[in-house]
Structures are given as C-alpha cells and as structure tokens.
Amino acid sequence: MAAACSDAELVGLALAARGNAYAPYSRYRVGAALLTTGGRVFTGCNVENGSYGLTVCAERVAVFAAVAGGERGFAALAVAADREGYCRPCGACLQVLSEFAPSLRLLLADVRGDFEVKTVAELLPGAFRFPRGEGE
Ligand code: THU
C-alpha cells in the first residue's frame, strides 16, 4: 500500500512527539514516528525513570505501541531529538527494530527537521536472530 505520509511529514510527527517526552533526568527529549506498510503511524517518546536503567527510548515505545496495535509491517521510522545533530537509535532499539524490519528506512532528524536516511541493517549489521529449528 502507498505510504500515507511523506518522509518530511513523518519527521514532523517525530518532532511533535518529543512534546510528550518524560525526560527529567537527561533533559534530552526524543520523539519517534513509525509508519506501517498499511499507512498507519504510531508515535513514541522517551520515558525515563528514577532508577535510570528502566528508561525506555522513544523508538521502542513506538514499535511496541505498533505491535500492540496489531501491526508488524513497517515502512519507515523517523527519530528526532531536541539538540543539534541527527539522532541515531541506540543498539537496543536497533535490535528490536531488526526483529521486525531489518531493512527499515530510518529518518534521523535534527532539531530543525533536516534528516539523513539510513537502514537498520546499515547501523546494526549482523543483528542477533533467534535460531529456529527444523519444522518450526
Ligand atoms: N534516547 C532515546 O529515546 N532514543 C535514542 O535514540 C537515544 C536515547 C533517550 C533515552 C534517554 O531518555 C535519553 O535519550 C538520554 O539517553
């Protein structure tokens, strides 16, 4: 199905999703917008926690919301932070994205909405895949 929104629009949604970020510790607000192959968009923001290690990145919030919403086919993910430079997903998020879409297009945006395009496989070559046995 044709994409329901352009790359620039998806980046705009990621920038807007930063507004819901809960980031009192790092003060680094991140937004993500995930476009499904069917044209739906799921957004996410980082949600920090006082125990630090329980913090969840914006990208994983978006992909988990999408999967919980019944979607597993993804066309593009936009990520935007509130500082200079393109925001790249961390290794944990790349691993989660790789589970569903190793060739997913990533639109990595800066605070002005300029972005670079990478794929999950480019940023995480050789991602882990659970070995499935014969007949599974
Ligand atoms: N963070 C994200 O949400 N996505 C990224 O791609 C990198 C980091 C968040 C986690 C934490 O709340 C803050 O940014 C600082 O690491």
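Going by the structure above, here's the rest.
Since the structure is predicted, the reported quantities are computational estimates derived from the model, not experimental observations.

For this particular structure, what's the right way to read the overall build of the protein?
Counting its secondary structure elements, the protein contains four helices and five strands. Scanning the protein from its N terminus toward the C terminus, one meets helices and strands in the order α-β-β-α-β-α-β-β-α. Against the globule reference of 14 Å for 136 residues, the protein gives a C-alpha radius of gyration of 15 Å, in line with a compact fold. The principal-axis extent of the C-alpha atoms belonging to the protein is close to 50 × 40 × 25 Å. For the protein, the residues scored as buried account for 38% of the 136 residues in total. Pairs at least 24 residues apart make up 61% of the contacts formed inside the protein by residues separated by at least 6 positions. With the model as given, the accessible surface of the protein reaches about 7,200 Å², and the carbon-plus-sulfur share is 54%. Of the charged side chains in the protein, 13 are positive and 14 negative, and the gap between their average positions amounts to 4 Å.

Would you mind going over the site of the ligand with me for this structure?
Around the ligand, 13 residues are found, and the nearest of them are Asn46, Glu48, Cys57, Ala58 and Glu59. Measuring from an oxygen atom of the ligand, one finds a side-chain N or O atom of glutamate 59 at 2.5 Å. Taken atom by atom, the bulk of the ligand overlaps the largest pocket. The class makeup of the residues in the shell around the ligand is seven nonpolar, three polar and three charged.

When you look at the layout of surface pockets in this model, what are you seeing that I'm missing?
In this approach, a probe sized like a water molecule rolls over the atoms, and the result shows the empty space that is left. Empty space within the largest pocket amounts to approximately 160 Å³. Around the largest pocket, the lining comprises 13 residues; the ones closest to its centre are Tyr28, Val30, Asn46, Cys57 and Glu59. Residues of the lining of the largest pocket, tallied by class, amount to seven nonpolar, three polar and three charged.

Help me out: how do you make sense of helix H1 (residues 7-17) in this one?
Note on helix geometry: an α-helix contains 3.6 residues per turn, so any two residues three or four positions apart are oriented the same way. Listed as buried for H1 are Leu10, Val11, Ala14, Leu15 and Ala17. Along H1, the residues classed as buried sweep out an arc of 160 degrees about the axis, all on the same side. Seen from the open side of H1, the exposed residues pointing more than 90 degrees away from its buried face are Ala8 and Ala16. On the buried face of H1, the contacting elements are strand E1 (30-36), strand E2 (41-45), strand E3 (74-81), strand E4 (105-109) and strand E5 (115-119).

Can you walk me through the pairing of E5 in this structure?
For a regular strand, the rule is simple: side chains alternate between the two faces of the sheet. Bridge count for E4 against E5 is five bridges, and the pairing is antiparallel. Considered in E5, the bridge of leucine 107 is made with valine 117. Here E4 folds back onto E5, and the loop between the two strands holds five residues, one of which, glycine 113, carries a positive phi near 100 degrees.

Sorry, what's going on with the packing of aromatic side chains here?
For any pair of aromatic rings, the description consists of the separation of the ring centres together with the inter-plane angle of the planes. For the coordinates displayed, the defined rule picks out two aromatic pairs. Plain terms: the ring middles of phenylalanine 74 and phenylalanine 100 are 6.0 Å apart, the flat faces sit at 75 degrees to each other, and that makes the pair edge-to-face. Separated by 26 residues along the polypeptide, phenylalanine 74 in strand E3 and phenylalanine 100 in helix H3 (residues 91-100) bring together distant segments of the chain. Taking the relative accessible area as the measure of exposure, phenylalanine 100 reaches 29% and is therefore partly exposed.

Reading the values: the criteria
- Residues numbered from 1 in each chain as written.
- Predicted model: local features only at pLDDT ≥ 70, side-chain atom pairs only at ≥ 80, totals over all residues.
- Heavy atoms only, no water.
- Helix = DSSP H or I, 4+ residues; strand = E, 2+ residues; numbered from the N terminus.
- Rg over C-alpha atoms; globule rule 2.2 N^0.38 Å.
- Buried < 20%, exposed > 50% of the residue type's maximum accessible area, 1.4 Å probe, protein only.
- Contact = heavy atoms within 4.5 Å.
- Areas by Shrake-Rupley, 256 points an atom, 1.4 Å probe, with all protein chains shown as cover.
- Lys, Arg positive; Asp, Glu negative; His and termini not counted.
- Charge placed at Lys NZ, Arg CZ, Asp CG, Glu CD.
- Near = heavy atom within 4 Å.
- Polar contact = N/O pair within 3.5 Å; in protein donor to acceptor, adjacent residues only side chain to side chain.
- 1 Å grid on protein atoms, 1.4 Å probe; cavity = no way out; pocket = protein on both sides within 12 Å on 5 of 7 lines; lining within 4 Å.
- Sits in = over half its atoms within 2 Å of the grid points.
- Nonpolar A, V, L, I, M, F, W, Y, C, P; charged D, E, K, R; others polar.
- Points joined across faces, edges and corners; volume = space filled by probe spheres on them.
- Arc of directions from axis to C-beta.
- Pairing = 2+ DSSP bridges.
- Phe/Tyr/Trp six-rings, centres within 6.5 Å; stacked < 30°, edge-to-face > 60°.

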